[in-house]
Amino acid sequence: MDKAKIYLVSLGCDKNRVDGEIMIGTLRGAKYEVSNDPAQADAIIINTCGFIRDAVQESIDMVLELAAYKSEGNCRALIVVGCMAERYRKEIEETIPEADAIVGVGEYEKIAGVIAKLLDITEGASQSIPSDPYLARLAARSDDAIPHVAYVKIAEGCDNHCTYCTIPSIRGAYRSRTMESIVEECKQLVSAGAKEIVLVAQDSSLYGTDIYGGEKKLAPLIREIAAKTDVKWIRLMYVYPEHITDELIKTMAELTQVCKYIDMPIQHSEGNILAQMGRKGSREALLSLINKMRKEIQGVAIRTTLMVGFPGETSEDFKNLRAFVETVKFDRMGVFPYSQEEGTPASTMQDQVDDSIKQTRMHNLMELQQDIHFEKQREYIGQVLDVIVDEAIEGEYIGRTQYDAYEVDAVVHFIPLDKKLSLGEIVQVRIIETEGYDLRGALA
């Protein structure tokens, strides 16, 4: 019997990307063939995002687009999985008849059985996967366009209950993985070719508090990964400022494997808005933390995310937020307009801000950040920086410094001087000039 072909697409965040790899690995363990061509696939899986309205709409559009292969291709089963499936299961059942199955976020290990039932497969679909589902993803790494970068999910769910966020209702309470499980996964990923490990969770800074007696264990975890693998770079994403410890700062400063980069979403600078968001902290606490990090972690690049137009945000609040950004000069920054998500406390708050005002404030901050970014990029001219090779194209290489996350931040274009380089190789590049948001240089 020919193997059934499966096509899977993952939308949304890098945590979803990990879930997608787990499903692909599980399917391979069940003797399915994973295809890169939806037209040839017997079953199509859409791993959806349901965080905000725009992401939900993108997921719906993708479902409808790929549903066409049920009439135009070989597809006999369309499966919707992930956050949108979990959040809007009933609505999908009622409004998207093209979906043959809906699989929620806690059911990924069942995916092989779901497909076997839909395709009426009675032979050749028995699962043979590791007891730790995260290790199943190793079977998916050979397909990855960036095998040298691996995202490692250290926890699932969230306990923060920010008033604007749907994640706790979709993914449940915060659940850390054991340190042993994470380190073993990192070992196997590095053995399979990963040079950069990116640690992710809804709030990475809370790692371990639920299983290690309330203690924050992100710093010890990083030290274990650095000590027990040959990984070149360890990158930290989604580290909330309220929970950053002195031990974590010291670990980042001391370990050469840890990128001097941190993704630290603060959402806002003003205490009254933070309180309404259900976030702790204040302008003074944020300034103190940022100053401490820049003092103790040489050259650290701080990325943050800001939200504008939260209910009750006044012109004065926004003015103060802009002044905060001008003072701090974040190295990397994203700005998003508040999205009024049903089922969240913020959606029913008074003083909702008009969409036009949200957009104006977002563009205002992004223009300011562009000037800050360009100024900071010019400071690299003449310096020799370590750059990881991500891509070779049209006679040049494209890579990143440790201060830039893959597909999120700036890149470095550089000429190899007739030397052939491998993806994931870390080389020294002398920066010659800036090019928009990016840098251009030559192999040193």
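Residues numbered from 1 in each chain as written. Predicted model: local features only at pLDDT ≥ 70, side-chain atom pairs only at ≥ 80, totals over all residues. Heavy atoms only, no water.

Participant: Even after reading the chapter, I still don't get the nonpolar core, so can you show me in this structure?
Facilitator: Burial of nonpolar side chains together is a common tendency in soluble globular proteins. Counting 58 residues, the largest nonpolar core has Leu-199, Leu-221 and Leu-365 as the members making the most contacts within it. Filtering out sequence-adjacent residues up to four positions away, Leu-365 remains in contact with Leu-306, Val-308, Phe-318, Leu-321, Arg-322, Val-325, Met-333 and Val-335. Judged by nonpolar contacts, the second largest core, of 31 residues, contains Tyr-151, Tyr-406, Leu-421 and Ile-431. (Core = buried A, V, L, I, M, F, W, Y, C linked by side-chain atoms within 4.5 Å. Buried < 20%, exposed > 50% of the residue type's maximum accessible area, 1.4 Å probe, protein only. Contact = heavy atoms within 4.5 Å.)

Participant: Explain the packing of aromatic side chains to me, please; I cannot follow it from the model alone.
Facilitator: How two aromatic rings sit relative to each other is given by the distance of their centres and the angle of their planes. Within the structure shown, the criterion is met by seven aromatic pairs. Joined through ring pairs, the aromatic side chains of Tyr-164, Phe-310 and Tyr-338 make up one cluster. One cation-aromatic arrangement involves Arg-177 over Tyr-134; the distance from NZ or CZ to the ring centre is 3.7 Å. A cation over an aromatic ring shows up here: Arg-235 above the ring of Tyr-261, its NZ or CZ 4.7 Å from the ring centre. (Phe/Tyr/Trp six-rings, centres within 6.5 Å; stacked < 30°, edge-to-face > 60°. Lys NZ or Arg CZ within 6 Å of the ring centre and 35° of its normal.)

Participant: Even after reading the chapter, I still don't get the pattern of salt bridges, so can you show me in this structure?
Facilitator: One pass over the structure, following the stated rule, counts 30 salt bridges. Between Asp-331 and Arg-294 there is a salt bridge; the shortest N-O distance is 3.3 Å. Of the two residues, Asp-331 sits in the loop between α14 (315-328) and β13 (332-337) while Arg-294 sits in helix α13 (residues 283-296), which places them 37 residues apart along the sequence. You can call Asp-331 buried: its relative accessible area is 10%. Take Arg-294: its relative accessible area is 27%, and that puts it in the partly exposed class. Through salt bridges with shared partners, one network takes in Asp-19, Lys-153, Glu-156 and Arg-171. (Salt bridge = Lys/Arg side-chain N within 4 Å of Asp/Glu carboxyl O. Helix = DSSP H or I, 4+ residues; strand = E, 2+ residues; numbered from the N terminus.)

Participant: What's the story with the packing of α14 against helix α15 (residues 355-378) in this structure? I'm lost.
Facilitator: Axis angle and axis distance: for two packed helices, these are the angle between their axes and the distance between the axes, and together they describe the pair. α15 packs onto α14 with a crossing angle of 15° between their chain directions and a minimal axis gap of 10 Å. With respect to their mutual orientation, α14 and α15 come out roughly parallel. Note that α14 runs across α15; the crossing there is right-handed. Facing Ser-315, Phe-318, Leu-321, Arg-322, Val-325 and Glu-326 of α14, the residues of α15 in contact are Arg-361, Asn-364, Leu-365, Leu-368, Gln-369 and Ile-372. Looking at the contact of α14 with α15, its residues break down into six nonpolar, three polar and three charged. (Axes fitted to C-alpha atoms, helices over the stretch in contact; angles between N-to-C directions. Parallel < 35°, antiparallel > 145°, perpendicular 65-115°, else oblique. Left-handed = near helix turned anticlockwise from the far one by under 90°. Nonpolar A, V, L, I, M, F, W, Y, C, P; charged D, E, K, R; others polar.)

Participant: Please clarify how the sheet that holds strand β5 (residues 101-103) should be interpreted in this entry.
Facilitator: Within a sheet, adjacent strands bond to each other through the backbone by hydrogen bonds, running parallel or antiparallel. The sheet built from five strands is open, its strands ordered β2-β1-β3-β4-β5 with parallel pairing. Two strands lie at the open edges of the sheet, namely β2 (33-34) and β5, each paired on one side alone. In the sheet, strand β1 (residues 5-10) pairs with β2 via two bridges, with the strands oriented parallel. Among the inter-strand pairings, Lys-5 is bridged to a residue of β2, identified as Glu-33. (Pairing = 2+ DSSP bridges.)

Participant: Just checking my understanding: could you explain α15 for this structure?
Facilitator: When the terminal C-alpha atoms of α15 are compared, their 35 Å separation across 24 residues agrees well with the 34 Å that a helix rising 1.5 Å per residue should span. Among the residues of α15, Lys-358, Arg-361, Met-362, Leu-365, Leu-368, Gln-369, Ile-372, His-373, Lys-376 and Gln-377 are the ones counted as buried. On its buried face, α15 sits against α13, β12 (301-308), α14, β13, β17 (426-435) and β18 (438-443). (Expected span 1.5 Å × (residues − 1).)

Participant: Looking at this structure, how should I read unusual backbone geometry?
Facilitator: Negative phi is the rule for most residues except glycine; trans is the rule for most peptide bonds. A positive phi angle, near 70°, is found at Gln-267, a position not held by glycine. According to the relative accessible area criterion, Gln-267 is buried, its value standing at 9%.

Participant: Please explain the state of the cysteines as it appears in this structure.
Facilitator: One covalent bond between the sulfur atoms of two cysteine residues makes up a disulfide. A complete count under the given rule lists zero disulfides for this structure. Summary of cysteine pairing: Cys-162 is not part of a disulfide, and the nearest cysteine sulfur, belonging to Cys-165, is at 6.1 Å. (Disulfide = S-S within 2.5 Å.)

Participant: Whenever I open this one, the sheet that holds strand β14 (residues 384-393) confuses me. Can you help?
Facilitator: Read once around its circumference, the closed barrel built from five strands follows the order β14-β15-β16-β18-β17, with strand pairing classed as mixed. Across the sheet, the mean angle separating the axes of adjacent strands is 50° when strand polarity is ignored. The pairing of β14 with β17 spans five bridges and is antiparallel. In the strand pairing of β17, Asp-386 is matched with Gln-428.

Participant: When you look at the packing of helix α9 (residues 179-191) against helix α10 (residues 218-228) in this model, what are you seeing that I'm missing?
Facilitator: Running from N to C, α9 and α10 point in directions that differ by 35°, and their axes come no closer than 10 Å. At the point where α9 passes α10, the crossing takes the right-handed sense. Of α10, the residues touching α9 (which contributes Met-179, Ile-182, Val-183, Cys-186 and Lys-187) are Pro-220, Leu-221, Glu-224, Ile-225 and Lys-228. Classifying every residue of the contact of α9 with α10 gives seven nonpolar, no polar and three charged.

Participant: Would you mind going over the side chain of Ser-176 with me for this structure?
Facilitator: Tracing the backbone shows Ser-176 in strand β8 (residues 175-176). A polar contact of 2.9 Å, which involves the side chain of Ser-176, links it to the backbone nitrogen of Gly-208. Engagement of the side chain of Ser-176 in a polar contact is seen with the side chain of Asp-210, the distance being 2.5 Å. When residues no more than four places from it in sequence are discounted, the contact partners of Ser-176 are Ile-154, Ala-155, Leu-206, Tyr-207, Gly-208, Thr-209, Asp-210 and Ile-211. (Polar contact = N/O pair within 3.5 Å; in protein donor to acceptor, adjacent residues only side chain to side chain.)

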